[in-house]
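In case you want the letters, here they are:
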Amino acid sequence: MSDTTANREGQTTLAEMRYGEKGRIASISSPAAESPENNESLAARLLELGIMEGAEIEALHRSPFGGDPMSVKVERTIIALRRADASTIIIERLNGN
Amino acid sequence: MNSALRLALVGNPNAGKSALFNALTGSRQKTGNYPGTTVERRAGRFQTQHGLEVNVVDLPGTYSLSATSPDQVVTREVVLGQSDSEPLPDVILCVVDATNLKLHLRLVLELKQLGRPMLIALNMIDLATRDKIDIDVEALESALGIPVIPTVAVRRSGVKELSVELSNHLNDLVEEAAKTGPAPAWQPQDLKSLQKEAGRIAKAATRSEGIEHLMTRRLDAVFLHKVAGPIILFAMLFVMFQAVFAWAETPMEWIDMGIGALADWLTASLPDNALRSLLVDGVIAGVGSVVVFLPQILILFAFILALEASGYMARGAFLMDRIMASVGLNGRAFIPLLSSFACAIPGIMATRTIDNPRDRLTTIMIAPLMTCSARIPVYTLLIAAFIPNQAVGGIFNLQGVVLFALYLAGIVSALIVAGVLKRTVTKGASQSLLMELPKYQLPNLRDLVLGLYERVKIFMARAGKFILTTMIVLWVLASYPAAPADAALPDIYYSYAGQIGRVLEILFAPIGFTWEIAISLVPGMAAREVFVGALGTVYALSGSEDQIATSLVSRLQNAWSLPTALAVMAWYVYAPQCLATLAVAKRETNSWGWMFFMAGYLTAIAYLAAGITYWTATAIIG
Ligand SMILES: Nc1nc2c(ncn2[C@@H]2O[C@H](COP(=O)(O)OP(=O)(O)OP(=O)(O)O)[C@@H](O)[C@H]2O)c(=O)[nH]1
Ligand SMILES: [Mg+2]
């Protein structure tokens, strides 16, 4: 579960998911390029909205302009987030199609 | 005061705290179907059935006590008793959205750790019932160890039980509240484990998970659709601007006729003296020329209020986010900027929901570029006087198109300025867009009407006090000293106002402004619509006797050239003609420097834009 690479079988990042695809959040990675402080606050703010390991997530709409941002559904909350943030969220696919 | 119980409304954003506050206290705080409607604390009071006086405070919504944006910090400070302006509340009334129990219960658990007296309002029970969600209130109560009261904040019957139960519980809690010590100790909680516990409790207390609100899914499929989404957004904005013009026409004519009749009647029934001039040229010409615009402002607000209540606002933010991101703006800047179309003051206040200070500063700096409702009188007056009322491209009205272009000029300029600021003075990592998209709701007609009524009150109060006073002062300055006996020009030319205007003219003549415009800009600093009132007074006084009955529109047509009129419109897209906005910018940035920066850069652009417009138009028209 703590594996942060998205290449493992059955794993992907939230940014890669298409409309209607569902998954379970495996982990939230911290890309080294970003400053740790910023990343910590991102993780904290994701957590505030219920985006944390183990939560079920469904990818929904994408912006008409370049597909960024996207909307997702976590539990009963619909959340809009930008691709850069979505790509830090590692997903275990539930219905791979 | 000290005998009254202090109750604080705390909860996640959009849980219905302000709606509940309004229901309890009978006040009319702003509610809206998007997170971040309330950004500062608001106080009110009510009496329980047991005669207990309760002071209630409505707080900004917060996801967690660890949150860092300025609005959520307010909530944390009040709840922890660290606020300078608000004593520690005796009882916390935590408002929870019954349709999103798990997420909202986490804050309940976080608050519970404080060990303060607490009650829960399980709000939006109507929506939970609609979605067939069945919550076992007693199970929830015993799992949490906190009394839970189901409520529907937007229905009068929906808070009856709350007021009865609140009455009972508060009576019990008074003693407890009196006993508990001062500020509670608090340490940031492990949100993950709280979230898990909240999930367990929510699951155990939920008899039926219910069904998804399909309407929200279906509407999103349309409103966020790749093709339909942007088309609907722009169509909606365009209809709004056309409506501001088309629908308001008739009521504006009525008001105009009423004012004209009043002026005629006063002119006929009073002797020709200074008092008559003060009433007719000062008060009626000045205040009247602003009051005429009430229908337009109401139509604009009706649209904005309906959008806010429906849940579409956050979708607009979603659709526009790419453009915002491209100039380095925070996604959360959208709602403050959209609010600025009503007025930059609440818009600047709403930037408190942005937690990155540099992103917040950028947003504050560009908020005045959004065309606020006070510019409508200025634009409408000039458009009515100088832009022909004709169709273009078959369906559009040229006047509406020009108005739309003026709005667009403000928006585009704001984006450019934001881009420049982000590359220079407010450089730094930009926060992301992380925003809840609320479920759609049909706007409540009663709320809409009450919201509009509030606007009428504010508008009329401004016209009554503020504009009236300014107009009287202006009338005095424009009427004295009297003109010499052999005066060739209108009396006002020789007055104090005329003298000031001619000094200012030196500055403004290069961009095509007459001294009458220059003098009207000075009271127009107080608020933009005052400029229209001032023009009304100035031109009423410079008109000859037989012109009394002619409207301001035809007076301007005679007095100004088209390039001048266009230059004034361009000026008003940018000029920081509003002291209240500057004051709020000072307060919210906590810096005189940033306020002067804002005033300075806006004035510079205004001058340039007016000049370029004037010179170009003169060159083309000849
Ligand atoms: N159907 C229904 N709608 C509600 C209820 N309570 C509030 N609302 C609506 O939900 C939206 C949010 O209500 P607000 O009172 O503004 O929420 P808030 O908690 O003050 O939100 P913030 O100030 O953003 O934290 C508004 O559109 C209300 O009309 C309810 O019990 N039932
Ligand atoms: Mg509120």
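Note: the structure precedes this text.
For the structure given in this document, a descriptive report is provided here.

Here is what the cut-offs are and how they apply
- All residue numbers refer to positions counted from 1 along the written sequence of the respective chain.
- All chains are assigned letters beginning with A, and all ligands numbers beginning with 1, in the order in which they are written.
- Residues qualify for local features only when their pLDDT is at least 70, as the model is predicted, and side-chain atom pairs are given and counted only at 80 or more; totals for whole chains, interfaces and linings, by contrast, use all residues.
- Derived side-chain values reflect all non-hydrogen atoms in the structure, with water molecules and hydrogen atoms excluded from consideration.
- Any two residues whose heavy atoms approach within 4.5 Å at even a single point are treated as in contact.
- Buried area adds together the accessible area that both of two parts lose upon being put together, with accessible area traced by a 1.4 Å probe.
- By definition here, a salt bridge exists when the distance from a side-chain nitrogen of Lys or Arg to a carboxyl oxygen of Asp or Glu is within 4 Å.
- Polar contacts here mean pairs of N or O atoms no more than 3.5 Å apart (in protein, one a potential hydrogen donor and the other a potential acceptor; neighbouring residues in sequence count only if both atoms are side-chain atoms).
- Strands here are runs of E lasting at least two residues and helices are runs of H or I lasting at least four, both read from the DSSP assignment and numbered beginning at the N terminus.
- Residues are grouped as follows: Ala, Val, Leu, Ile, Met, Phe, Trp, Tyr, Cys and Pro are nonpolar; Asp, Glu, Lys and Arg are charged; all remaining types, including Gly, are polar.
- Only Phe, Tyr and Trp rings are paired, with Trp represented by its six-membered ring, and only when their centres lie within 6.5 Å; those with planes under 30 degrees apart are stacked, over 60 edge-to-face, the remainder tilted.
- Buried means the residue's accessible area, taken with a 1.4 Å probe over protein chains only, is under 20% of the maximum for its type, while exposed means over 50%, and partly exposed covers the values in between.
- Any Lys NZ or Arg CZ found within 6 Å of a ring centre and within 35 degrees of that ring's normal is scored as a charge over the ring.
- Keep in mind that water is not among the atoms, so a site may look incomplete; donors are the N, O and S atoms within 2.8 Å of the metal, or 3.2 Å for Na, K and Ca.

1. A word on the interface of chain B and chain A
Then step 1. Taken together, the contact between chain B and chain A spans 45 residues of the former and 34 residues of the latter.
Then step 2. Carbon and sulfur atoms supply 57% of the area that chain B and chain A bury against each other, a total of about 3400 Å² over both sides.
Then step 3. For the chain B face of the interface with chain A, the top three residues by lost area are Phe318, Arg322 and Leu434 of chain B, together amounting to 20%.
Then step 4. At the junction of chain B and chain A, the tally comes to 7 salt bridges.
Then step 5. For Lys73 of chain A, the salt bridge is made with Glu212 of chain B, and the minimal N-O distance between the two is 3.0 Å.
Then step 6. The interface formed by chain B and chain A contains 12 residue pairs in polar contact (both at pLDDT 80 or more).
Then step 7. Mapped by element, the contributors of at least two residues to the side of chain B that touches chain A are α3 (101-112), α7 (191-205), α8 (214-223), α13 (312-326) and β11 (434-437) of chain B.
Then step 8. Here the side of chain B that touches chain A gets 7 residues from one element, more than from any other, and that element is α13 of chain B.
Then step 9. A class-by-class count of the residues in the side of chain B that touches chain A yields 18 nonpolar, 12 polar and 15 charged.

2. As for the packing of aromatic side chains
For any pair of aromatic rings, geometry is given as the distance between the ring centres together with the angle between the planes.
Residues and elements named next belong to chain B.
Then step 1. Applying the stated criterion across every chain yields a total of 15 aromatic pairs over all chains.
Then step 2. Look at Trp475 and Tyr480: their rings are 5.9 Å apart centre to centre, the planes differ by 85 degrees, and that puts the pair in the edge-to-face class.
Then step 3. By relative accessible area, which is 6% here, Trp475 ends up buried.
Then step 4. For the pair Trp592 and Phe596, a centre-to-centre distance of 6.2 Å together with 25 degrees between the ring planes defines the contact as stacked. One end of the pair is Trp592 and the other is Phe596, both in helix α26 (residues 592-621) and 4 residues apart, which spans about a single turn. Like Phe596, Trp592 is exposed.
Then step 5. Taken together, the ring pairs connect Phe508, Phe513, Trp571 and Tyr607 into an aromatic cluster.
Then step 6. Lying over the aromatic face of Tyr440, Arg315 brings its terminal NZ or CZ to 4.1 Å of the ring centre.
Then step 7. The ring of Trp592 has Lys586 sitting right over it, with the charged end atom 5.0 Å from the ring centre.

3. A word on the coordination of the magnesium ion (ligand 2)
Residues and elements named next belong to chain B.
Then step 1. For the magnesium ion (ligand 2), the full set of protein donor atoms is Ser18 (OG) and Thr38 (OG1), at a range of 1.9 to 2.0 Å. One end of the pair, Ser18, is in helix α1 (residues 17-25); the other, Thr38, is in the loop between α1 and β2 (42-47), and 20 residues separate them in sequence. Of the two residues, Ser18 and Thr38, neither departs from the other in class, the shared state being buried.

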